[in-house]
Protein chains: 2
Amino acid sequence: MLPGPTNVPERVMRAMFTPMINHRSDDFVELYEDAVESTKKVFQSNGEAVLLSASGTGAVEASVINLIKNGDKVIIPVNGEFSGRLAQMLEWAGANVIKLETKPGENATFDQVKAAFDNNKDVKAFYCVWNETSTGTMIKYLDKIKDLTARNDSYYVVDGVSIVGGEEFPMDKWGVDVAMTGAQKAFAAPPGISPIVVNPRAKKYMEQNPPKTMYFNLSRYFKYYEEAKHTPFTPALPLLYAYREAMNVILEEGLDKRIRRHRICSDALYSGLSAIGLTPFAKEDARSTVVVALNYLEGLEDKTFRNTLANKFRVLVAGGFGNLKGKVFRVGCMGEVHRYHVMRTISAIGSTLDMMGYKTNSVEALKIAEDKLKSL
Amino acid sequence: MLPGPTNVPERVMRAMFTPMINHRSDDFVELYEDAVESTKKVFQSNGEAVLLSASGTGAVEASVINLIKNGDKVIIPVNGEFSGRLAQMLEWAGANVIKLETKPGENATFDQVKAAFDNNKDVKAFYCVWNETSTGTMIKYLDKIKDLTARNDSYYVVDGVSIVGGEEFPMDKWGVDVAMTGAQKAFAAPPGISPIVVNPRAKKYMEQNPPKTMYFNLSRYFKYYEEAKHTPFTPALPLLYAYREAMNVILEEGLDKRIRRHRICSDALYSGLSAIGLTPFAKEDARSTVVVALNYLEGLEDKTFRNTLANKFRVLVAGGFGNLKGKVFRVGCMGEVHRYHVMRTISAIGSTLDMMGYKTNSVEALKIAEDKLKSL
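Conventions used here
- Residues numbered from 1 in each chain as written.
- Chains lettered and ligands numbered in written order.
- Predicted model: local features only at pLDDT ≥ 70, side-chain atom pairs only at ≥ 80, totals over all residues.
- Heavy atoms only, no water.
- UniProt positions renumbered as here; feature names shortened; annotations may be inferred.
- Salt bridge = Lys/Arg side-chain N within 4 Å of Asp/Glu carboxyl O.
- Helix = DSSP H or I, 4+ residues; strand = E, 2+ residues; numbered from the N terminus.
- Buried < 20%, exposed > 50% of the residue type's maximum accessible area, 1.4 Å probe, protein only.
- Axes fitted to C-alpha atoms, helices over the stretch in contact; angles between N-to-C directions.
- Parallel < 35°, antiparallel > 145°, perpendicular 65-115°, else oblique.
- Left-handed = near helix turned anticlockwise from the far one by under 90°.
- Contact = heavy atoms within 4.5 Å.
- Least-squares fit on C-alpha atoms with pLDDT ≥ 70 in both.
- Pairing = 2+ DSSP bridges.
- Buried area = accessible area lost by both parts, 1.4 Å probe.
- Polar contact = N/O pair within 3.5 Å; in protein donor to acceptor, adjacent residues only side chain to side chain.
- Nonpolar A, V, L, I, M, F, W, Y, C, P; charged D, E, K, R; others polar.
- Core = buried A, V, L, I, M, F, W, Y, C linked by side-chain atoms within 4.5 Å.
- Domains from an automatic or database assignment.
- Phe/Tyr/Trp six-rings, centres within 6.5 Å; stacked < 30°, edge-to-face > 60°.
- Lys NZ or Arg CZ within 6 Å of the ring centre and 35° of its normal.

In the annotation of an unreviewed UniProt entry, the entry for chain A reads Putative enzyme, and the organism field reads Candidatus Nitrosotenuis uzonensis. UniProt lists a comment for chain A under the heading Cofactor (unreviewed entry), and it reads "pyridoxal 5'-phosphate". One UniProt comment on chain A, placed under Sequence similarities (unreviewed entry), says "Belongs to the class-V pyridoxal-phosphate-dependent aminotransferase family."

A. Representation of the pattern of salt bridges. Residues and elements named next belong to chain A. As enumerated under the stated definition, the model contains 48 salt bridges over all chains in all. Between Glu-167 and Arg-263 there is a salt bridge whose closest N-O contact spans 2.8 Å. Taken together, the positions of Glu-167 in the loop between strand S7 (155-159) and strand S8 (178-180) and Arg-263 in helix H10 (residues 255-276) put the pair 96 residues apart, joining distant regions of the chain. The exposure class assigned to Arg-263 is partly exposed, which follows from its relative accessible area of 41%. In this structure, the salt-bridge partner of Asp-302 is Arg-306, at a minimum N-O distance of 2.8 Å. Placement of the pair is Asp-302 and Arg-306 together in helix H11 (residues 302-313), with a separation of four residues, close to one helical turn. Like Arg-306, Asp-302 is buried.

B. Seen up close, the packing of helix H12 (residues 339-355) of chain A against helix H13 (residues 362-373) of chain A. Residue and element names in this part refer to chain A. Running from N to C, H12 and H13 point in directions that differ by 165°, and their axes come no closer than 10 Å. Regarding the angle of H12 to H13, the classification is roughly antiparallel. Regarding H12 and H13, the two cross each other, and that crossing is right-handed. Two secondary-structure elements touch here, H12 through Arg-339, Val-342, Met-343, Ile-346, Ser-347, Gly-350, Ser-351 and Asp-354 and H13 through Ser-362, Ala-365, Leu-366, Ala-369, Glu-370 and Leu-373.

C. Quick look at the UniProt feature "domain: Aminotransferase class V" (unreviewed entry) in chain A. Per the UniProt record, "domain: Aminotransferase class V" (unreviewed entry) is found at residues 20-311 of chain A. In residues 20-311 of chain A, helix accounts for 42% and strand for 16%; the two terminal C-alpha atoms are 37 Å from one another.

D. Main features of the environment of B:Glu168. Residue and element names in this part refer to chain B. In this structure, Glu-168 sits in the loop between strand S7 (155-159) and strand S8 (178-180). Glu-168 gets classed as partly exposed once you look at its relative accessible area, which sits at 25%. Measuring from C-alpha to C-alpha, the distance between Glu-168 and Ile-259 comes to 6.4 Å, with 91 residues separating the pair along the chain. Setting aside residues no more than four positions away along its own chain, Glu-168 makes contact with Gln-44, Trp-130, Trp-174, Asp-256, Ile-259 and Arg-263.

E. Molecular detail of the relation of the copies chain A and chain B. For the pair chain A and chain B, the best superposition has an RMSD of 0.0 Å and corresponds to a rotation of 180° with a translation of 0.0 Å parallel to the axis. Both copies of the chain, as the preceding transformation shows, are related through a two-fold rotation axis. Residue A:Ala54 of chain A places its C-alpha closer to the rotation axis than any other residue of that unit, at 2.7 Å. Same-surface contact between copies: 100% of interface residues of chain A are shared with the interface of chain B.

F. How the structure looks around the sheet that holds strand S12 (residues 328-332) of chain B. Residues and elements named next belong to chain B. The strand order across the open sheet formed by three strands is S10-S12-S11, and the pairing between neighbours is antiparallel. Only two strands of the sheet have a single neighbouring strand rather than two, namely strand S10 (291-295) and strand S11 (318-319). Relative to S12, S10 runs antiparallel, the two sharing five bridges. Each residue of the ladder has a partner; that of Ala-293, found in S12, is Arg-330.

G. Structural context of the sheet that holds strand S12 (residues 328-332) of chain A. All names here are of chain A. Strand order across the open sheet formed by three strands is S10-S12-S11, with antiparallel pairing between neighbours. In this open sheet, the two strands that pair with only one neighbour each are strand S10 (291-295) and strand S11 (318-319). Two strands pair when backbone bridges link them, and S11 and S12 are joined in this way by two bridges, in the antiparallel orientation. Looking at the pairing, Gly-319 lines up with Phe-329 of S12.

H. Examining the interface of chain A and chain B more closely. Counting residues at the interface gives 47 residues for chain A, matched by 47 residues for chain B. Carbon and sulfur atoms make up 69% of the surface buried where chain A meets chain B, a total of about 3800 Å² over both sides. The tally of links from chain A across to chain B stands at zero salt bridges. The tally of links between chain A and chain B comes to seven residue pairs in polar contact (both at pLDDT 80 or more). With four residues, helix H4 (residues 81-92) of chain A is the largest single contributor of residues to the side of chain A that touches chain B. Of the residues assigned to the side of chain A that touches chain B, the class counts are 25 nonpolar, 14 polar and eight charged.

I. Inspection of the nonpolar core at higher detail. A:Tyr127, A:Phe169, B:Tyr127 and B:Phe169 are the most contacted members of the largest nonpolar core, which totals 207 residues. The contacts of B:Tyr127, once residues within four sequence positions are left out, are B:Ser63, B:Val64, B:Leu67, B:Ile68, B:Val74, B:Ile75, B:Ile76, B:Pro77, B:Leu86, B:Leu90 and B:Val157.

J. Looking closely at helix H3 (residues 56-65) of chain A. Buried residues dominate H3(A), accounting for nine of its 10 residues. Those residues of H3(A) that fall on the buried side of the exposure criterion are A:Gly56, A:Thr57, A:Gly58, A:Ala59, A:Val60, A:Glu61, A:Ala62, A:Ser63 and A:Val64.

K. Just the domain arrangement of chain A, in detail. All names here are of chain A. Partitioning chain A into structural domains gives domain 1 (10-253) and domain 2 (255-373). Taken over C-alpha atoms, the centre of domain 1 sits 28 Å from the centre of domain 2. With 31 residues of domain 1 at the interface, the matching set in domain 2 holds 27 residues. Both faces considered, domain 1 and domain 2 share a buried interface measuring about 2300 Å² in area, 57% of it formed by carbon and sulfur atoms. Ranking the residues of domain 1 by area buried against domain 2 places Gly-136, Glu-167 and Glu-253 at the top, with a combined share of 24%. Linking domain 1 with domain 2 are three salt bridges. Applying the counting rule to domain 1 against domain 2 returns 12 residue pairs in polar contact (both at pLDDT 80 or more). At the level of secondary structure, the elements contributing two or more residues to the side of domain 1 that touches domain 2 comprise helix H2 (26-42), H4, strand S6 (137-138) and helix H9 (237-253).

L. Spatial organisation of unusual backbone geometry. Residue and element names in this part refer to chain A. Here the bond from Gly-4 into Pro-5 is cis, since omega is -10°, no more than 30 degrees from zero. Secondary-structure assignment places Pro-5 in the segment before helix H1 (10-15). In this model, Ser-162 sits at a positive phi of 85°, which is unusual for a non-glycine residue. With respect to the helices and strands, Ser-162 occurs in the loop between S7 and S8. In this model, Ala-188 sits at a positive phi of 55°, which is unusual for a non-glycine residue. Among the structural elements, Ala-188 can be located in the loop between S8 and strand S9 (193-198).

M. Quick look at the packing of aromatic side chains. Scanning all chains against the criterion turns up 41 aromatic pairs over all chains. Judged by centre distance (5.3 Å) and plane angle (65°), the ring pair of A:Phe82 and A:Phe321 falls under edge-to-face. Taken together, the positions of A:Phe82 in helix H4 and A:Phe321 in the loop between S11 and S12 put the pair 239 residues apart, joining distant regions of the chain. Both rings, one in B:Phe169 and one in B:Trp174, keep their centres 6.0 Å apart while their planes meet at 80°; by these two values the pair is edge-to-face. Side by side, B:Phe169 and B:Trp174 carry an identical accessibility label, which is buried. The ring of B:Phe222 carries the charged tip of B:Lys203 above its face, separated from the ring centre by 5.5 Å. If you follow B:Arg287 out to its NZ or CZ, it ends over the ring of B:Tyr270, 5.7 Å from the centre.

Here it is as structure tokens:
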């Protein structure tokens, strides 16, 4: 139940077990093209998809160095580790970064974003971390941003790491120019492949203004793909096989069904764990449907709790990030998550708390969760 | 018989089949520390090893952006695709690049390198591509460079992609400050992990002068490793398991034995294929012991030859790079390469040439190769 790397289905793991091939061969073209086309379906985009052999951070950095030049003005909401990192990368690229800072667990409101656009007519791009994995906080007005970016042709970039594939994301319809995720999150593939999708407008800009770097230079990827459906550098072949199979799993289930499953499971987790006596970290209107962050009860020690949960009940959850270390723990609700995982997690957390001397009402909590899961 | 990705032993492939773990857990620390320590043994270095989730090019770029600043003077021999790319990256980093250019298949002589040092007392670093995979050309005076770099404390960086693990490389003894490779070459692991080893002097410089980038910022990797033996970003877990197992394979065989095997196999390939009537592309004193590049015979069409070899005899070799496309083909002699691979490759190439109407003397060629392989 980690917020990434998540469990990988057996058939996806097995796909890795393919002998090495020449990445300049027809066999590779078939593999890569297939993976690229599936990615575009999941992002609901007719843009160009590049599958980077790197972690999600690599894809996020690629979005910065290919689009942002010295002096560009960029608006970004900041409320946690990953949005902070992204703002840092934008500053390193020389951007004039307008940070809409809020407390962790809260989001800048749409009106605050709108005001930032009103006060900065010359903004080159709006960047946002859709789902702040470090705090289980999710922005819920992505569909409304395009009216703001349209005003002066700003670019709209969504860091969708940890959430694309688990929540509704019609990228083209929402007017998003660039978006990315990491394979080890809601895609339920192993870590190491990170897709970035770029629409024609942003692609043209990147081709005309290539950065002075090699590995994350997207114009180079576009060129190799157009010429031969190759990647410029040797790709992580076993992970690409796994990634393609993970895309097959997603498309076979169907995006709508998959998103509904994530929503219902997170609803059940929030309700069940609240009934146990835990409180979600994120404000109610900002709660993520893929990462459930919870405040530790008074005196509950992080390491002891997570070790007991892992060793006695074989359930892995993650600790807090940065200065939330020891104050929250995070439950992933991603990828393969289903009825079984939700019930087992609530039960295991309840039992662990009982073992550690807290009085919980697990039976009631399980009943509440079960009820929520009925619509699955 | 590709010059990467090379065949991966079954036990290394199987290592990938491990369930996902938390990359902030003790399980991960055990895996990563083990892989790091083995890497240092293979590089024969007491420096710091970072295992990047990226292709070899990513590790090469990391060596540039962490060490080279605007205006730095750098000497680099250039004689092919990869040394050209590296020179390009150095220029992008703002370096004043002194290129010692030679024809593909030839190397700058040691005296030319020495003259460049003599004429540029203020040189900050010497970079070289040890084994130019695109042409099967290898520099053979790496052990002598340290006398030159020592003169004014220049840094010495070896791009060892495709050769480390297949040739003798006592990094510390040779005074190399930074070196890297890709897992899919002589290490016989799947592509996607690229180790970079940095000695204390270069590490200190990188920590004191971190680049304004995220994913390839080595000071960040040093910090995470020192604090918790973690990586800053989610690593490609299945590939790390495979990589560690590949390191075990290497250390079990023993470096000396492994290097001897590579040398004997390449000697047998050069001799056998020459007896067939093919001529090596690289000049005799510059021939690589891990990539054997051969000129096509007059009229021999690249695609037809390689397709026949692949489809009729199940032997994969690679074509030429850039403007050598159609003019040479390349046989990898890396990783698992042994008696069996050499004999089968010579036999298959001979038969393919026969099928395509060339008169070859395969029997004689096989006898010559067999003779060379006797010392294995």
